[in-house]
Amino acid sequence: MRIMHAGEEHKTNKPPFQFLSRYVPLAVIAVILVMLLPQLLRKPHPAGHRTGPEPPVVLTLFKTERARMDSLSNEGLRHFDAGDWNGAIRFLGEAHFHYSVMISEGYADRYPQGLRFYLGLSHYYRGRTGKGIELLEEEAEDNPLEPEYLWYAALVRLDMGDSLASRTHLERIVRLDGYYADEAREMLGKLPGPGREGSGTF
């Protein structure tokens, strides 16, 4: 005759895999953390730029005949997308340096489109507003039909308190009558007119 010990019946009647139930909440939490990780790692705007423009959502990879330069620039974009402004400045800045040398020596006639845009925004988000707007406006001047560059230059100028320069960029966007034209018209209506320069809000 088999002798049953105290508590044995309870053990033998457990539903299959019941021990897994205690781990389900942990698994759910792990999945949520994985989904949120990119946002948790993205660095917030530095102090002083909390009202400035958000980083662009869609990034354009570089693809030129110079594979090494593209590798540097695209590595910079990966850091930019992660909100690692120091890393973005490192790689995009190195590519910018090499192109500057090539242009000065006649081996290239211009910077690849977008390089100064992303490098300028990286400097801006890092807190180096002066360097950032310099690069942004260079990009906008060399690509006058691209409203995105004008748009970000306008927002950064406004964040700097320079509503007159911001107005100039916004008016150019309206004249192009393409992307950001409606937003630019709306923002122009909120800006002080010439001779009444102020910080403005957006």
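Provided above is the structure to which this section pertains.
First things first, this report covers the structure right here in the doc.

So, how was this worked out
- Residues numbered from 1 in each chain as written.
- Predicted model: local features only at pLDDT ≥ 70, side-chain atom pairs only at ≥ 80, totals over all residues.
- Heavy atoms only, no water.
- Helix = DSSP H or I, 4+ residues; strand = E, 2+ residues; numbered from the N terminus.
- Buried < 20%, exposed > 50% of the residue type's maximum accessible area, 1.4 Å probe, protein only.
- Contact = heavy atoms within 4.5 Å.
- Areas by Shrake-Rupley, 256 points an atom, 1.4 Å probe, with all protein chains shown as cover.
- Axes fitted to C-alpha atoms, helices over the stretch in contact; angles between N-to-C directions.
- Parallel < 35°, antiparallel > 145°, perpendicular 65-115°, else oblique.
- Left-handed = near helix turned anticlockwise from the far one by under 90°.
- Nonpolar A, V, L, I, M, F, W, Y, C, P; charged D, E, K, R; others polar.
- Core = buried A, V, L, I, M, F, W, Y, C linked by side-chain atoms within 4.5 Å.
- Arc of directions from axis to C-beta.

1. Re the overall build of the protein
Piece 1. A count of helices and strands for the protein gives nine helices and zero strands.
Piece 2. In sequence order, the secondary structure elements of the protein are arranged as α-α-α-α-α-α-α-α-α.
Piece 3. Within the protein, buried positions represent 40% of all 202 residues.
Piece 4. Sequence-distant contacts, at least 24 apart, represent 58% of the contacts inside the protein between residues at least 6 apart.
Piece 5. Just so you have it, the protein exposes about 12600 Å², and 58% of that area is on carbon and sulfur atoms.

2. Regarding the packing of helix α4 (residues 85-104) against helix α5 (residues 115-126)
Axis angle and axis distance: for two packed helices, these are the angle between their axes and the distance between the axes, and together they describe the pair.
Piece 1. Between α4 and α5, the least distance of the axes is 9 Å, while the angle of their chain directions is 140°. Comparing their axes, α5 and α4 come out oblique. By crossing handedness, the relation of α4 to α5 is classed as left-handed. For the pair formed by α4 and α5, the contact residues are Trp85, Asn86, Ala88, Ile89, Leu92, Gly93, Ala95, His96 and Tyr99 on the first element and Leu115, Arg116, Tyr118, Leu119, Ser122, His123, Tyr125 and Arg126 on the second.
Piece 2. The residue inventory of the contact of α4 with α5, partitioned by class, reads ten nonpolar, five polar and two charged.

3. Regarding the nonpolar core
Piece 1. Trp151 and Leu170 are the most contacted members of the largest nonpolar core, which totals 41 residues.
Piece 2. When residues of this core are traced back to their parent elements, those giving at least two are α3 (67-81), α4, α5, α6 (129-142), α7 (147-159), α8 (163-176) and α9 (181-190).
Piece 3. Of the residues forming this core, the biggest block, nine residues, is contributed by α7.
Piece 4. With sequence-adjacent residues up to four places away left out, tryptophan 151 is seen in contact with Leu170, Ile173, Tyr180, Glu183, Ala184 and Met187.

4. With respect to α9
Piece 1. Listing the buried residues of α9 in full gives Ala181, Ala184, Met187 and Leu188. Looking straight down α9, one finds its buried side chains confined to an arc of 125°; they lie on one side. Exposed residues on α9 whose side chains face more than 90 degrees from its buried face are Asp182, Glu186 and Gly189.
Piece 2. On its buried side, α9 packs onto α7 and α8.

5. What about unusual backbone geometry?
Piece 1. The backbone phi angle of aspartate 177 is positive, close to 55°, even though this residue is not glycine.
Piece 2. Tracing the sequence through the fold places aspartate 177 in the loop between α8 and α9.
Piece 3. Overall, the relative accessible area of 52% leaves aspartate 177 in the exposed class.
Piece 4. The phi torsion at tyrosine 180 lies on the positive side, around 70°, for a residue other than glycine.

6. Looking at the side chain of serine 73
Piece 1. Its location among the elements puts serine 73 in helix α3.
Piece 2. Not counting the four nearest positions on each side in its chain, serine 73 is found in contact with Phe62, Leu92, Ala95 and Leu115.

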